There are 2 protein chains.
Amino acid sequence: MTGPRFTDLVASLPATVPFVGPETQERARGRPFRARLGANESLFGPSPRAVAAMQEAAREAWKYGDSTSHDLRAALAADLGVAPGNVMVGEGIDGLLGYLVRMLVAPGDPVVTSAGAYPTFNYHVAGFGGALHLVPFAGDHEDPDGLIARAREVGAKLVYLSNPNNPMGSWHPAARVQAMVEAVPEGTLMVLDEAYIEFAPTGTAPPIDPDDPRVIRLRTFSKAHGLAGARVGYAIGAAPLIAGFDKVRNHFGMCRISQAGALASLGDPAWLAEVGAQVAAARDRIGAIARANGLVALPSATNFVTVDCGGDGALARAVLAGLAERDVFVRMPGVAPLDRCIRISAGPEDQLDVLAEALPGALAAAR
Amino acid sequence: MTGPRFTDLVASLPATVPFVGPETQERARGRPFRARLGANESLFGPSPRAVAAMQEAAREAWKYGDSTSHDLRAALAADLGVAPGNVMVGEGIDGLLGYLVRMLVAPGDPVVTSAGAYPTFNYHVAGFGGALHLVPFAGDHEDPDGLIARAREVGAKLVYLSNPNNPMGSWHPAARVQAMVEAVPEGTLMVLDEAYIEFAPTGTAPPIDPDDPRVIRLRTFSKAHGLAGARVGYAIGAAPLIAGFDKVRNHFGMCRISQAGALASLGDPAWLAEVGAQVAAARDRIGAIARANGLVALPSATNFVTVDCGGDGALARAVLAGLAERDVFVRMPGVAPLDRCIRISAGPEDQLDVLAEALPGALAAAR
């Protein structure tokens, strides 16, 4: 009896996963974290309206969700000033990235992203056999010019930019991003990941031109809306591209409860504004905690703050380990020189108190 | 400016979808159905314990779900008498089928199933470029011998059997299914879809040998557990095969609320027994309604009854249309000669009253 007859491609894939979740770490540690500040979740929670809608929908969980997410797509389209045919709802940005890569990337096809940008995008590209080409960050920013130049050089199917950026928290103004769109080579699609856009200053997102075939934008209910666990993301793009998702996606893949929660959250902009204010205050607090420890907090347009530990990757990894020992869950960039930093999610006062208490010891131990 | 540069495979795929959801039909009709009896959902609803767990989890929806579904997998494994490494949780059987096909089926690889069996399996096979080989039903049953013979002949990567069967409601006893497993050719994996197994007579499921590399079994919380909208399915198989899912799946794809609901439902076997009794009563009632209209209800080991309309596919399609006009949502098999039937989900008395009221008129109009 032989083992599974995987395809050659799948047999060649590593068993590594893009992220180890905090629950997995807690089981390995044998005790829970006191501060959950590593996954850029919204510790301020979902809108009470979203919670109420999900609690109501839980009773009707015996029904499959609407396979077209019609009402949610219609509401998003109205909000964005586009047609429903320009919007696709999926199982988080992660799910949509998987479908997008599958639609466009055949084995060997070139794809361009930044070294140190979103690992789950790379996971999907590798998973469909794409050839990843990595462009270094320019300082702590993704480098639009470098990305476009490489995309042109290799004839990329996709070129990825996150704005604001994860894991550094940096951002480019809308004009710079729009200039990148204008420069996208023929035959390349720009993937503009705007997961954190609600936290960014006005003028960070270029105006949406839904018929522009050069770019697809990805947004999510996981961050500002506080619905990471519900798994609702959406893509905005030209209708022929958006229609392509229907050829490959899991049509009945959306949780009905999540659809209801996202729709209700969309109807509560006041909650988003409140969360935005709390996140801004938390960023300031994290900055103050960093400074009190002699560290530099990088500017952030997201719901996290990336803190330069002032050394190399080994030092930052030791700080991260020291924080974990002190029951604080944070993450860090995976690639030098970004990995001199740790990345701390915004959270309420009591969570940041735990951080403030733990950081000096973690730093001392790391040094 | 050109259109999207899809892969050759994706460009070749049709835009058709496996199923049109009832909400989509309602929007097209301009009015809701009065009886929702087409999607084999559990109209008896989820366990109250599952509802309570989901309502509680809704408050914590800001957290990503556990990417390994550890607790749910552990509980399933304990229930099934296997190791957690023999169980994979995914976004419904549909989601797991997509991952499974992706793991094993490269473009051109042969796959065997029954003509008229689950369309979403075929959708995934086509979506990854597999070559589908269809074996006719033997009467109203899938034909294990025919499936195995064809799998051997074409060197199939996968051979699919649902037991009990959808859309006919028929089933084979465990010994017959186990004999099929024993006959699986070297290099072929049998996909045993047991979505409806909880409704089947004792002795329908072969004992689980988790280390048998010849078969992967798929089960779900969508049917007996009444959690179709939550999207939780699971696969049971040999550890090397189950580990393969981690190379391709959307690791953070599971809804946290759904994980909680499924786990709670697993802890409420009394609810499952209650639903089973209600489904049995509803099957009897659907049989009586069919007989009262001069139709033959096929035996069923599922939560639906397939009713022979006594003519050809055109007649059954007309009956289905007549029922829809009368606000009753049902579905029907897609392939002759199975398509002489319509398929009616079990439901509570008031829903079946609507069916009883509508069927005579729908039949008269169809004739």
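What you are looking at is a predicted structure, and each value in this text was computed from that prediction instead of being measured.

### Some thoughts on the packing of helix α3 (residues 48-59) of chain A against helix α10 (residues 256-266) of chain A
All names here are of chain A.
Inference 1: Two elements in contact, α3 and α10, have axes separated by 8 Å at closest approach and are oriented at 155 degrees. One way to sum up the angle between α3 and α10 is to call them roughly antiparallel. Considering how the two elements wind past one another, α3 and α10 form a crossing that is right-handed. Contact with α3, carried on its side by Arg49, Ala50, Ala53, Met54, Ala57 and Ala58, involves Ile257, Ala260, Gly261, Ala264 and Ser265 of α10 and no other residues of that element.

### Side note on the sheet that holds strand β7 (residues 215-220) of chain A
All names here are of chain A.
Inference 1: If you walk across this open sheet you meet the seven strands as β2-β8-β7-β6-β5-β3-β4, and the pairing is mixed. This sheet does not close on itself; its edge strands, each paired only once, are β2 (87-90) and β4 (131-135). Strand-to-strand, the axes of this sheet are offset by a mean angle of 20 degrees, without reference to chain direction.
Inference 2: The sheet contact formed by strand β3 (residues 110-114) and strand β5 (residues 158-162) spans two bridges and is parallel. Of the residues in β5, the one forming a bridge with Val111 is Leu158.

### Observations concerning unusual backbone geometry
Inference 1: For the bond running from Asn166 of chain A to Pro167 of chain A, omega is 20 degrees, close enough to zero to count as cis.
Inference 2: Looking at the element boundaries, Pro167 of chain A is found in the loop between β5 and α8 (174-183).
Inference 3: The omega angle of the peptide bond from Asn163 of chain B to Pro164 of chain B is -5 degrees, so this bond is cis rather than trans.
Inference 4: The residue Pro164 of chain B is located in the loop between β5 (158-162) and α8 (174-183) in this model.
Inference 5: Residues other than glycine seldom take positive phi values, yet Asp327 of chain A does so here, at roughly 70 degrees.
Inference 6: Taking the relative accessible area as the measure of exposure, Asp327 of chain A reaches 13% and is therefore buried.

### Focus: helix α6 (residues 119-127) of chain A
Inference 1: Of all nine residues in α6 of chain A, seven are buried, a share of seventy percent or more.
Inference 2: Gly129 of chain A occupies a position one or two residues after α6 of chain A and carries a positive phi of about 85 degrees.

### Quick notes on the domain arrangement of chain A
Residue and element names in this part refer to chain A.
Inference 1: Annotation of chain A at the domain level lists domain 1 (20-45 + 270-366) and domain 2 (48-267).
Inference 2: Taking only C-alpha atoms into account, the centre of domain 1 sits 25 Å from that of domain 2.
Inference 3: At the junction of the two partners, domain 1 supplies 24 residues and domain 2 supplies 24 residues.
Inference 4: For the pair domain 1 and domain 2, the summed buried area comes to about 1,800 Å², and 67% of that belongs to carbon and sulfur atoms.
Inference 5: Contact with domain 2 buries area across many residues of domain 1, yet Leu272, Ala301 and Leu338 alone supply 31% of it, more than any other trio.
Inference 6: Where Asp140 meets Arg340, a salt bridge forms, and the shortest distance between an N and an O atom there is 2.9 Å.
Inference 7: There are eight residue pairs in polar contact (both at pLDDT 80 or more) connecting domain 1 and domain 2.
Inference 8: Those elements that place two or more of their residues in the side of domain 1 that touches domain 2 are α11 (269-292), β10 (304-308) and β12 (341-345).
Inference 9: With five residues, α11 is the largest single contributor of residues to the side of domain 1 that touches domain 2.
Inference 10: Along the lines of polarity and charge, the residues of the side of domain 1 that touches domain 2 split into 13 nonpolar, seven polar and four charged.

### Focus on the side chain of His124 of chain A
All names here are of chain A.
Inference 1: By secondary structure assignment, the location of His124 is in helix α6.
Inference 2: You can call His124 buried: its relative accessible area is 4%.
Inference 3: Looking at His124, its side chain comes within polar contact range of the main-chain oxygen of Asp94, at 3.0 Å.
Inference 4: Beyond its immediate stretch of four places on either side in the chain, His124 contacts Asp94, Leu97, Gly98 and Val101.

### Structural notes on the state of the cysteines
Inference 1: What the rule picks out here adds up to zero disulfides over all chains.
Inference 2: No disulfide involves Cys255 of chain A; its sulfur sits 3.9 Å from the nearest other cysteine sulfur, which is in Cys255 of chain B.

### Brief notes about the pairing of β2 of chain A
Residues and elements named next belong to chain A.
Inference 1: Judged by which residues are buried, β2 turns out to be covered on both faces: Val87 and Val89 on one side and Met88 and Gly90 on the other are all buried.
Inference 2: Pairing analysis gives four bridges linking β2 to strand β8 (residues 233-236), with the strands arranged antiparallel. The residue bridging Met88 from the neighbouring strand is Ala235, located in β8.

### Overview of the side chain of Arg214 of chain A
Inference 1: Mapped onto the fold, Arg214 of chain A is located in the loop between β6 (189-193) and β7.
Inference 2: One polar contact links Arg214 of chain A to Glu182 of chain A, side chain to side chain, over a distance of 3.2 Å.

### What to know about the interface of chain B and chain A
Inference 1: On the chain A side, the residues contacting the 82 residues of chain B number 82 residues.
Inference 2: Between chain B and chain A lies a buried interface of about 6,900 Å² when both sides are counted; carbon and sulfur atoms form 59% of it.
Inference 3: Ranking the residues of chain B by area buried against chain A places Trp62, Tyr64 and Lys247 of chain B at the top, with a combined share of 13%.
Inference 4: Linking chain B with chain A are four salt bridges, by the criterion used here.
Inference 5: Linking chain B with chain A are 51 residue pairs in polar contact (both at pLDDT 80 or more), by the criterion used here.
Inference 6: Breaking the side of chain B that touches chain A down by element, the ones donating at least two residues are α1 (8-12), α2 (22-29), α3 (48-59), α4 (70-80), α5 (92-104), α6 (119-127), α9 (239-248) and α10 (256-266) of chain B.
Inference 7: If one sorts the elements of the side of chain B that touches chain A by residue count, α9 of chain B sits on top with six residues.
Inference 8: Tallied by class, residues from the side of chain B that touches chain A come to 38 nonpolar, 23 polar and 21 charged.

The rules we used
Residues numbered from 1 in each chain as written. Chains lettered and ligands numbered in written order. Predicted model: local features only at pLDDT ≥ 70, side-chain atom pairs only at ≥ 80, totals over all residues. Heavy atoms only, no water. Axes fitted to C-alpha atoms, helices over the stretch in contact; angles between N-to-C directions. Helix = DSSP H or I, 4+ residues; strand = E, 2+ residues; numbered from the N terminus. Parallel < 35°, antiparallel > 145°, perpendicular 65-115°, else oblique. Left-handed = near helix turned anticlockwise from the far one by under 90°. Contact = heavy atoms within 4.5 Å. Pairing = 2+ DSSP bridges. Buried < 20%, exposed > 50% of the residue type's maximum accessible area, 1.4 Å probe, protein only. Domains from an automatic or database assignment. Buried area = accessible area lost by both parts, 1.4 Å probe. Salt bridge = Lys/Arg side-chain N within 4 Å of Asp/Glu carboxyl O. Polar contact = N/O pair within 3.5 Å; in protein donor to acceptor, adjacent residues only side chain to side chain. Nonpolar A, V, L, I, M, F, W, Y, C, P; charged D, E, K, R; others polar. Disulfide = S-S within 2.5 Å.

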